[in-house]
Amino acid sequence: MSQKNSSEAKRTARERMQEERAAQEAKTKRLRKFGIIGTVLAVIVVAVVIGVLVQNSRTSSYDAATQAPAGTIGTNKLIIPVGSSAAPSTLTVYEDLRCPACGSYEKSFHTTVNQLMAQGKIHVNYHVVSFIDRNDNGSGSKNAANAVACAQNVGKFHGYHDVLYANQPDETDDAWADKSKLITLAKQVPGLDTPTFESCVNNNSFGAWVTAVQKDFDKSGYTSTPTILLNGTSAYPTYNGEQISTANLIKWVDAANKGKTPATISPSASAALVSPNASPSAG
Amino acid sequence: MATDQMARAGGKQMERRRRGAIVTGIGTAARLGLAVVWAWAGLAKISDPEAAAQAVRAYRLLPEALVKPFGYGLPFLELALALLLLVGLGTRVAAALSGLLLLVYIGSIASVWARGISIDCGCFGGGGAVSASHTAYLQEIFRDIGFLLLAGWLVRWPRTWASLDGLLATD
C-alpha cells in the first residue's frame, strides 16, 4: 500500500516536474519568437532609415547661382532661352534629346520655329529634360543634356541643339553614352569644339543642373515629351483642337500676336537664328 | 499483431515525414524565390533615387512631402526583406510583411488603372508616365499575385531547409 502510495507520489512529482519543464520550454520558445520578430523589425527599420539617409545625401543639391550655364533664365535658371525676349509670343518646349517623338517634332518644325524667331514673332524657352535614360536605361539623355548646357554656357546652344536632333540615334541605341560622339557632332557648330567644351562634356560639368531640370519637369505634371506650349497653351499635337502643322503654327502665332509688334532683330542676328550653324564669315 | 501495428505506425510516420519533406522543399524554394524577387526589385531602384521618387510620384497617391521618403525607402525595405528571406530569419514574419507590401502594390496598380493614368509600375526600376498603349497593368497585377502566393505559402508553412530559423529551432 505504502509502496503504491509512494510510487503515485513519485509520479505526480515527475508529472509536476515535466509540466514545469514544458512551461519553461514554452516560455523560452515564446521569448525566442518575440526576439526573432524584434530582430526582423529592427533589420527592416535600420535598412530603411539608412537607405533614406544615403539616398538623400546622394541626390545632388543644386545651386542656381553657381551651377547653371550662363544665360539661362527662370527662377532657378533651368530654362534656356533662344530668340529675342522682346518677341510677343513664347514657345515653351520640353524636350529630351533621346526622345524619338522630339526628334520627329524637330524634323518637322525646327525650320519654321527658327524663321518665326528670326522674324521676331516668337522666342523659345527650352527645358532640356533627360528621363529617357530611366525608361530605356543608359546615360545618353543626360550626357547630351549636359553637352547642350556646355554649349549654352558659351552661347552656342541653338546651333548644337539643331545638330544633335539632326543626328539623333535610335531611341534604343544609347549612342550618346559615348561622350566622344557628342564631341564629334560639336565640330559641326562653328567655334564650339574647344578644349574647354570637351572637358565640360567629359566631366559632366552641368550634371547637377541637368538633374534639377529633370526634377522640375517631374513636378510639372507634364508627363511626356515633346510638350510644346504656345503662350502657356498646349500646342502639340493639337492647339485648341486643331492639329499642328507648319502652316497652322504660323497661323496660331500670327493670331496670338495680333495687334502686337514683333521684336526688332538685326539682319545678322536674324540670319543666325534662321541657320545657326552657318559659318560666321558668311553673316 | 503488435509488430503489425508498429509497422503500420512506422509506415504512417514515414509517409508523414515524406509529406513534410515535400512541404519543406516547396517552402525553401518559395523562400529563396521571393528573396531573389525582392533583391532584384530593390537593387534596380537604388541607383537613381530621383527616378525612384518619380516612379512613386507617378501613382498620384501620396502628397509631395511623402514622395521622397517612399521613393528612397521602399527599395531598402525590399532589400531588407530579401536579406531576411535569404538567410531564413523570421521567415513567417518576413513572408507576412512581403504579402502586405505586395497587397499595397497590387492595390496601387489597380487604383492607377481605375483612374485611367498611364504609367509603368516601376516595380523593377524605371517607372513614371508611359503612353497608354505601353501600360501592362494586368500582367503586373498577375505577376504580383504570383509573388503573393509564394508569401502566402511561407506564412502557412514557414519551415524551410538551410534557414536561421531552423538553426535556432523555433517554429
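Residues numbered from 1 in each chain as written. Chains lettered and ligands numbered in written order. Predicted model: local features only at pLDDT ≥ 70, side-chain atom pairs only at ≥ 80, totals over all residues. Heavy atoms only, no water.

Caption draft 1: Region of interest: the overall build of chain A. If you tally the helices and strands in chain A, you get eleven helices and seven strands. By the compact-globule yardstick of 19 Å for 283 residues, chain A is too spread out, its C-alpha radius of gyration being 33 Å. Classification of the 283 residues of chain A by burial places 41% in the buried group. Sequence-distant contacts, at least 24 apart, represent 74% of the contacts inside chain A between residues at least 6 apart. Of the accessible surface of chain A, which amounts to about 14400 Å², a share of 54% is contributed by carbon and sulfur atoms. (Helix = DSSP H or I, 4+ residues; strand = E, 2+ residues; numbered from the N terminus. Rg over C-alpha atoms; globule rule 2.2 N^0.38 Å. Buried < 20%, exposed > 50% of the residue type's maximum accessible area, 1.4 Å probe, protein only. Contact = heavy atoms within 4.5 Å. Areas by Shrake-Rupley, 256 points an atom, 1.4 Å probe, with all protein chains shown as cover.)

Caption draft 2: Up close: the interface of chain B and chain A. Taken together, the contact pairs 32 residues of chain B with 25 residues of chain A. Both sides of the chain B and chain A interface together cover about 2500 Å² of buried area, and 69% of this is carbon and sulfur. The largest contributions to the chain B side of the interface with chain A come from Glu50, Tyr72 and Phe76 of chain B, which together make up 21% of the buried area. On the surface where chain B and chain A come into contact, there are one salt bridge. A salt bridge links Lys215 of chain A to Glu50 of chain B, with the nearest nitrogen and oxygen atoms 3.5 Å apart. Between chain B and chain A we count five residue pairs in polar contact (both at pLDDT 80 or more) in total. Counting only elements with at least two residues in the side of chain B that touches chain A, the list comes to α1 (2–46), α2 (49–57), α3 (64–87) and α4 (91–114) of chain B. Considering every element that reaches the side of chain B that touches chain A, the biggest residue donor is α3 of chain B, with ten residues. Residue composition of the side of chain B that touches chain A, by class: 16 nonpolar, seven polar and nine charged. (Buried area = accessible area lost by both parts, 1.4 Å probe. Salt bridge = Lys/Arg side-chain N within 4 Å of Asp/Glu carboxyl O. Polar contact = N/O pair within 3.5 Å; in protein donor to acceptor, adjacent residues only side chain to side chain. Nonpolar A, V, L, I, M, F, W, Y, C, P; charged D, E, K, R; others polar.)

Caption draft 3: Spatial organisation of a positive patch on the surface. Side chains of Lys29, Arg32 and Lys33 of chain A together with Arg92 and Arg156 of chain B sit close together on the surface and give a patch of like positive charge. With three residues, helix α1 (residues 2–58) of chain A is the largest single contributor of residues to the positive patch. A relative accessible area of 44% places Lys33 of chain A in the partly exposed class. (Patch = residues over 30% accessible without salt bridge, like charges linked within 9 Å, V, L, I, M, F, W, Y side chains within 5 Å. Lys, Arg positive; Asp, Glu negative; His and termini not counted. Charge placed at Lys NZ, Arg CZ, Asp CG, Glu CD.)

Caption draft 4: Looking closely at the UniProt feature "transmembrane region" (unreviewed entry) in chain A. According to UniProt, the "transmembrane region" (unreviewed entry) feature falls on residues 34–54 of chain A. As annotated, residues 34–54 of chain A comprises 100% helix and 0% strand, and the C-alpha atoms at either end are separated by 30 Å. (UniProt positions renumbered as here; feature names shortened; annotations may be inferred.)

Caption draft 5: Main features of helix α8 (residues 195–202) of chain A. All names here are of chain A. Those residues of α8 that sit buried are Phe197, Cys200 and Val201. Taken down its axis, α8 places every buried residue within 95° of arc, on the same side. Facing away from the buried surface of α8 by more than 90 degrees, the exposed residues are Pro195 and Thr196. If you follow the buried residues of α8, they end up packed against α5 (140–153), α6 (157–166) and α7 (179–186). Positive backbone phi, approximately 55°, marks Asn204, located one or two places after α8. (Arc of directions from axis to C-beta.)

Caption draft 6: Local environment of the packing of aromatic side chains. For the coordinates displayed, the defined rule picks out twelve aromatic pairs over all chains. Look at Trp153 of chain B and Trp157 of chain B: their rings are 4.4 Å apart centre to centre, the planes differ by 50°, and that puts the pair in the tilted class. You can call Trp157 of chain B partly exposed: its relative accessible area is 33%. One aromatic cluster is present, formed by Tyr94, Phe131, Phe217 and Tyr222 of chain A through successive ring pairs. (Phe/Tyr/Trp six-rings, centres within 6.5 Å; stacked < 30°, edge-to-face > 60°.)

Caption draft 7: Just the UniProt feature "transmembrane region" (unreviewed entry) in chain B, in detail. Residues and elements named next belong to chain B. Residues given the UniProt feature "transmembrane region" (unreviewed entry) here are residues 21–41, 70–87 and 94–114. In this annotation, residues 21–41 is assigned 100% helix and 0% strand; the end-to-end C-alpha distance for the span is 30 Å. Helix makes up 100% of residues 94–114 and strand 0%, whereas the separation of the span's terminal C-alpha atoms amounts to 30 Å.

Caption draft 8: The side chain of Glu95 of chain A, seen in detail. Residue and element names in this part refer to chain A. Inspection of the secondary structure assignment puts Glu95 in strand β2 (residues 89–96). Here Glu95 occupies a buried position and makes no salt bridge, while the nearest side chain of opposite charge, Lys107, is found at 13 Å. A polar contact is formed between the side chain of Glu95 and the side chain of His161, at a distance of 2.9 Å. Residue contacts for Glu95: discarding those within four places in its chain leaves Cys102, Tyr105, Glu106, Tyr126, His127, Val128, Val129, His161, Tyr165 and Thr225.

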